[in-house]
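# A look at the structure
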Amino acid sequence: MNKARYKATLIMAALLSASALQAADRTADLILTNGEVYTPQGWAAGVAVKDGAILAVGDAAALGAYRAPSTKMIDLGGKTVLPGLYDMHVHPLGAGLAMFECRFEYGAAPQHILDAVAACVKAAKPGEWITGGRWQAVSFGDTPPTREMLDRIAPNNPVALTDISGHSMWTNSLALKLAGITRDTPDPEGGIIERDARGEATGLLRESGRDRVRRAIPAPSLEKNVKALDAALDTMLSHGITGLVDARVPRAGLETYAALADRGLLKQRVVGCIHYSGDKEFEDLLLNRRSYERARFRTDCVKMYEDGVPTESHTAAMIDPYEPGADGHLHEPARGMLLVGPATLDPLLTRLDKMGITVKFHAAGDQASRTALDAIAAARKANGPDGPMHEVGHLTFVNPADLARAKAIRATLEFSPYLWFPSSINDDIIKAIGEERIKRVWPVREGIDSGALVIAGSDWSVVPSANPWIGIETLVTRRAPDNQRPGEVYGPAEAITLKEAIDLFTINAARQLGMADKLGTIEPGKIADLIVLDRNPFKIPATDVHNVVVTDVIIDGKTAYQRP
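So, here's what we can say about the structure.

Rules used in this analysis
Residues numbered from 1 in each chain as written. Predicted model: local features only at pLDDT ≥ 70, side-chain atom pairs only at ≥ 80, totals over all residues. Heavy atoms only, no water. Helix = DSSP H or I, 4+ residues; strand = E, 2+ residues; numbered from the N terminus. Rg over C-alpha atoms; globule rule 2.2 N^0.38 Å. Buried < 20%, exposed > 50% of the residue type's maximum accessible area, 1.4 Å probe, protein only. Core = buried A, V, L, I, M, F, W, Y, C linked by side-chain atoms within 4.5 Å. Contact = heavy atoms within 4.5 Å. Salt bridge = Lys/Arg side-chain N within 4 Å of Asp/Glu carboxyl O. Pairing = 2+ DSSP bridges. Disulfide = S-S within 2.5 Å. Polar contact = N/O pair within 3.5 Å; in protein donor to acceptor, adjacent residues only side chain to side chain.

### Digging into the overall build of the protein chain
Tallying secondary structure elements over the protein chain gives 18 helices and 24 strands in all. Over its C-alpha trace the protein chain gives a radius of gyration of 26 Å, about what one expects of a compact globule, namely 24 Å for 564 residues. With respect to the three principal axes, the spread of C-alpha positions in the protein chain is 110 × 55 × 50 Å. Burial analysis of the protein chain (564 residues in total) assigns 54% to the buried set.

Here it is, written out as structure tokens:
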């Protein structure tokens, strides 16, 4: 073979090799067709996926170019495809453990609760702890729950029941005894031990007042935690949640996520927020947080509680006083409780900001949100404007002037639409705050109009369901689904559009996670985290959105869930 022919042969071989490689690059692993695919450019009929990424979107003819004998084809049959949803404030480990606790309906009547607890006591061994929830203060009328009520049905078992907000605890005498709480025990910093006219503990514990009892309750084993977390995450996956922010992760939670990932059971993308406790434990976890990280689990977040809840407990920090009680008197604390003041908060946030750690605030009262925003402003002044986008969460009440400054300091506003419905915590809030202020409760419309980044979280298991379609619907309607509470509407002026609501759960969440270039929309080049719905939420009445059913979930281009 002469040199010219040999060179030509080499060139031809190279061209054929390049052609084969190019063809391989255009071959999809998976193609979804004959559906309605929601993209930033409008609706498409299908989507092609390769190596866990979106290869193309388009109609059947366009996607045909990516098909090969090895390509898996799925006929959607008219179903709808959306990007995966994100729950930006959730407590899945607690929700999973609650499945093993003494259970009764959220906001159940007192006798129903007592009957349920009595049944749990009957099934338990003497001395075994009875834990569970969620009781509602308004259900008890003007006579709050007491330890004596529980003593009568559980004289030999310690009982600790969490309220509907997750910020108060109802205990019996044995639980108080085992926790070392007596009439001489002072209120801890940031907490309240409710007392009767004689100065005796009533059994109601608020905020950090619960800590002694929490420490007395035996901790679940790692295996129980893994089982509980796996069950909770699977429940969330069935609703189309492909990513989440676990809003309060202690050491046991970090260990559980790591174990779940190591066993190949962690399907979603998770950010875990280390709980700020202000002690050596927190500093140790902060220092060693990377040792718990895995491919789908990040720990670059810290959770801080600025206040409690705006219920009869008066633990949410408010600018103006709460409403007087049924007796006509203003009960203390009149303006709630600020759990971390500026002297501690500002330098702490500045330090965490410089470390590149996002801080997620629990801020239900307008004074709490103001203090959190002040701290973010202080961090921006000290470190410059480009640090993490810190989140001010819940925002049940927030002053308009504070909303207006959020964008300038790059603060993210995180709302909790699930807390409206089906949770009945609103009854407690209205009673404590009054009808006038409730008109601006959870001001999502104002938040979006401010230009700041707005996201949403469920706060499950504070609410009974992690179903995001409930949150999406109520963001639009501001009413309970299925006309559960006829005539009631909460802040109708704060309603938003369906597109805006879905953006909160998709692209806005991706922006907050710093992954908008990879997640949050269906576009070529992005990671193939997709959900398949039984109907198009844009083509049904807003009041029917909570009935949307997720039939399939795809994460990294692979099926993570299929409805049976």
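### Brief notes about the nonpolar core
Counting residues in each nonpolar core, the largest one holds 103 residues, and the members touching the most others are Met304, Phe361, Trp469 and Ile472. Here the element with the most residues in this core is helix α8 (residues 222-238); it accounts for 7 residues. Not counting the four nearest positions on each side in its chain, Ile472 is found in contact with Leu85, Leu498, Ala501, Ile502, Phe505 and Val545. Phe104, Ala124, Ala137 and Leu150 belong to the second largest nonpolar core, which has 20 residues in total.

### Notes on the pattern of salt bridges
With the rule as written, the count across this model stands at 37 salt bridges. Where Arg405 meets Asp374, a salt bridge forms, and the shortest distance between an N and an O atom there is 2.7 Å. Of the two residues, Arg405 is situated in the loop between α13 (400-404) and β20 (412-415) and Asp374 in helix α12 (residues 366-383); the sequence distance between them amounts to 31 residues. A relative accessible area of 24% places Arg405 in the partly exposed class.

### Brief notes about the pairing of strand β22 (residues 530-533)
A two-sided burial pattern is seen for β22, the buried positions comprising Leu530 and Val532 on one face and Ile531 and Leu533 on the other. Judged from the 4 bridges that link them, strand β7 (residues 80-83) and β22 form a sheet pairing that is antiparallel. Residue pairing in the sheet places Pro83 in a bridge with Leu530 of β22. Pairing geometry for β22 and strand β23 (residues 550-555), over 4 bridges, is antiparallel. Across the sheet, Leu530 pairs through a bridge with Ile554, a residue of β23.

### Observations regarding the state of the cysteines
Taken as a whole and assessed by the stated rule, the structure comprises 2 disulfides. One disulfide bridge connects Cys102 with Cys120, the sulfur atoms lying 2.2 Å from each other. Judged by the torsion about the S-S bond (95°), the Cys102/Cys120 disulfide is right-handed. One end of the pair, Cys102, is in strand β9 (residues 102-103); the other, Cys120, is in helix α4 (residues 110-123), with 18 residues separating them in the sequence. Residue classification places Cys120 among the partly exposed positions, given a relative accessible area of 22%.

### Considerations on the side chain of Thr315
Tracing the sequence through the fold places Thr315 in the loop between β17 (297-305) and α11 (342-354). Overall, Thr315 belongs to the buried group, its relative accessible area being 0%. Polar side-chain contacts of Thr315 include one of 3.0 Å to the side chain of Glu207. Looking at Thr315, its side chain comes within polar contact range of the side chain of Ser313, at 3.1 Å. The residues touching Thr315, leaving out its near neighbours within four places in the chain, are Arg206, Glu207, Asp307, Gly308, Val309, Tyr322, Gly336 and Met337.

### What to know about unusual backbone geometry
With an omega dihedral of 20°, the bond running from Gly133 to Arg134 counts as a cis peptide bond. Within the secondary structure layout, Arg134 lies in strand β10 (residues 130-135). For the bond running from Glu332 to Pro333, omega is -5°, close enough to zero to count as cis. Inspection of the secondary structure puts Pro333 in the loop between β17 and α11. We note that Arg478 has phi near 55°; this positive angle belongs to a residue other than glycine. Summarising the element assignment, Arg478 is placed in the loop between α16 (468-477) and α17 (498-505). Take Arg478: its relative accessible area is 1%, and that puts it in the buried class.

### A closer look at the environment of Lys267
One can find Lys267 in the loop between α9 (251-262) and β16 (269-275). Residue classification places Lys267 among the partly exposed positions, given a relative accessible area of 23%. For the pair Lys267 and Thr242, spaced 25 residues apart in sequence, the C-alpha to C-alpha distance is 7.8 Å. Contacts of Lys267, omitting those with residues within four sequence positions, involve Asp230, Asp234, Leu237, Arg296, Ile555 and Ala560.

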